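Here is how the chains run, residue by residue.
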Amino acid sequence: MPPSDVLVRYGGNLPRYTSYPTAAQFDATVGAAEAEAWLRAVPAGTPISLYLHVPFCDVLCLFCGCNTSVVRDSGLRAAYGLLLIDELQRVAARLGPDRPVRHVQWGGGTPTTLPPATMRAVMETLHRLFRVEAGAEIAIELDPRFLPEDYPPLLGELGFNRASLGVQDLDPVVQAASGRVQSLEQTEDCVRRMRSAGISSINVDLIYGLPYQTTDGAGDTALTVADTLRPDRLAVFGYAHVPWKQKRQALLPQGALPPPAERLAQRARIDAALRLAGYRAIGLDHYARPGDALCRAAEAGTLHRNFQGYTVDPAPVLIGIGASAISSFPQGMTQNVPAQAFYARAMETMPDSLPAVRGVCRTADDRLRGEVIERLMCDLKVDPAAVGARHGAPASWYDGAWPALRQAQADGLVVLDGTVIRVTEEGRPFLRNIAAVFDAHHAPAGVKRHAGAL
Ligand SMILES: C[S@@+](CC[C@H](N)C(=O)[O-])C[C@H]1O[C@@H](n2cnc3c(N)ncnc32)[C@H](O)[C@@H]1O
């Protein structure tokens, strides 16, 4: 366990660096006009990836940091699906015909809250408007407690091949305090139904740092999940406490939230359990079996990081469809209207426009820093001087980073070998802190935009 002065030094609030610049830099100076121009500028033949966001759940988990709400009326859910179809049509019209697609990801929220006929209609539209390549990854997030009986066969028929299931923690005390009561049997049943429908790649999400969570309990959860569900991949997130953004988190018993040292111990126990079960650690918070495409990409230095986390997807353009969805282009990023009702209104009142309302342009400096940050987050190794040279920057471009890098070396988090930075295993939990050294937009201490780093 790192000494307490290390925990204090690296304990600030930091982004997860799923992009650079991060969403904290988005503002209203970038919006529909940029989305329009950037879509039209994607060269013909360039493959794109699609993300479809469904902001509905069957119940709200108190810990959840996502943009989601409970909508019981299936008519409203179906109406939202029509908006997704409409937005897909607007995007396709600007990209031109026959655009290849290699990754389709449905997230939320809980996308299976869409009525089955609506899911079918959206996927049929997507296949009609885009050329989804053979072997493309088509993935979806599921809540194992609320998977309608007819959904797994439907997903199999529509070509889905990966599913991510939220599990978080198996301890009933933690589950009750977090507002997410889910038995192991429910999760096992969900995995079995998905596998029998031909959706063979299963991811599981775990969280540490939840109220009343203990190191032993977190380790037991990881062991049980690895042994019984045998997922291909796991994401192990540190609970992000952002009650100033997500009011529902204020309902958690704040006094029962584990402090940073305890969170690190939970993370370490989960890490040990998963490695023992045969998984390899990937980047900040992912695990996969040796031979899995994610492992192979990590070993080859071709792993990427985007708004969905770690991915093997190298597509330079990711287009987000739906309320709050973010699109990423070489020129910058745009985000759709966040609230579902306002997204619907924007789609209805501006039929000739895209529903993007915020975003950021990428400067040459952002591109350079973004590459260094992405390589650090993916490879745990980077040579900022070599990356700088490729971007036409002098070796002095990161002179200001050296004091923090030397401190990180003294703390055992990195090894500096000439201009190469290697993150140690002890440094892996602190990856965001190391990446932040290269973040020119990082907010001054005390400004709360992100969750605590540890
Ligand atoms: C977008 S959510 C969708 C979950 C899915 N609808 C379900 O119910 O299982 C994906 C994952 O984000 C993670 N997550 C959500 N809120 C979080 C928070 N505040 N801190 C850390 N991870 C969080 C959870 O692990 C969750 O499974």
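Residues numbered from 1 in each chain as written. Predicted model: local features only at pLDDT ≥ 70, side-chain atom pairs only at ≥ 80, totals over all residues. Heavy atoms only, no water.

1. Concerning the overall build of the protein chain
Here is step 1: Looking only at helices and strands, the protein chain features 15 helices and 19 strands.
Here is step 2: Since a compact globule built from 454 residues should have a radius of gyration of about 22 Å, the 21 Å found for the protein chain is in line with a globular shape.
Here is step 3: Once the C-alpha set of the protein chain is aligned to its principal axes, its extents read approximately 55 × 55 × 40 Å.
Here is step 4: In the protein chain, which comprises 454 residues, the proportion classed as buried is 56%.
Here is step 5: For the protein chain, restricting intrachain contacts to residue pairs at least 6 apart in sequence, the fraction spanning at least 24 positions comes to 74%. (Helix = DSSP H or I, 4+ residues; strand = E, 2+ residues; numbered from the N terminus. Rg over C-alpha atoms; globule rule 2.2 N^0.38 Å. Buried < 20%, exposed > 50% of the residue type's maximum accessible area, 1.4 Å probe, protein only. Contact = heavy atoms within 4.5 Å.)

2. Details of the packing of helix 3 (residues 74-95) against helix 4 (residues 116-129)
Here is step 1: Between helix 3 and helix 4, the least distance of the axes is 9 Å, while the angle of their chain directions is 5 degrees. Here helix 3 lies roughly parallel to helix 4, going by the angle between them. The residues of helix 4 that touch helix 3, namely those facing Arg77, Ala78, Gly81, Leu84, Ile85, Leu88, Gln89 and Ala92, are Thr118, Ala121, Val122, Thr125, Leu126, Arg128 and Leu129.
Here is step 2: Looking at side-chain class alone, the contact of helix 3 with helix 4 contains nine nonpolar, four polar and two charged residues. (Axes fitted to C-alpha atoms, helices over the stretch in contact; angles between N-to-C directions. Parallel < 35°, antiparallel > 145°, perpendicular 65-115°, else oblique. Nonpolar A, V, L, I, M, F, W, Y, C, P; charged D, E, K, R; others polar.)

3. Quick look at the side chain of Arg233
Here is step 1: For Arg233, the position within the fold is in strand 8 (residues 233-238).
Here is step 2: One polar contact links Arg233 to Asp292, side chain to side chain, over a distance of 2.9 Å.
Here is step 3: In this structure Arg233 touches Glu137, Arg162, Ile202, Asn203, Val204, Tyr287, Ala288, Asp292, Ala293 and Leu294, once residues within four positions along its chain are discounted. (Polar contact = N/O pair within 3.5 Å; in protein donor to acceptor, adjacent residues only side chain to side chain.)

4. Description of the packing of helix 2 (residues 32-40) against helix 3
Here is step 1: At a closest axis distance of 8 Å, the pairing of helix 2 and helix 3 adopts a crossing angle of 50 degrees. By the angle class used here, helix 2 and helix 3 are oblique. Seen along the crossing, helix 2 lies across helix 3 with a hand that is right-handed. Every residue of helix 3 that contacts helix 2 at Glu36, Leu39 and Arg40 is listed here: Val91, Ala93, Arg94 and Leu95.
Here is step 2: Classifying every residue of the contact of helix 2 with helix 3 by side-chain character gives four nonpolar, no polar and three charged. (Left-handed = near helix turned anticlockwise from the far one by under 90°.)

Geometric values such as these leave the question of function open.
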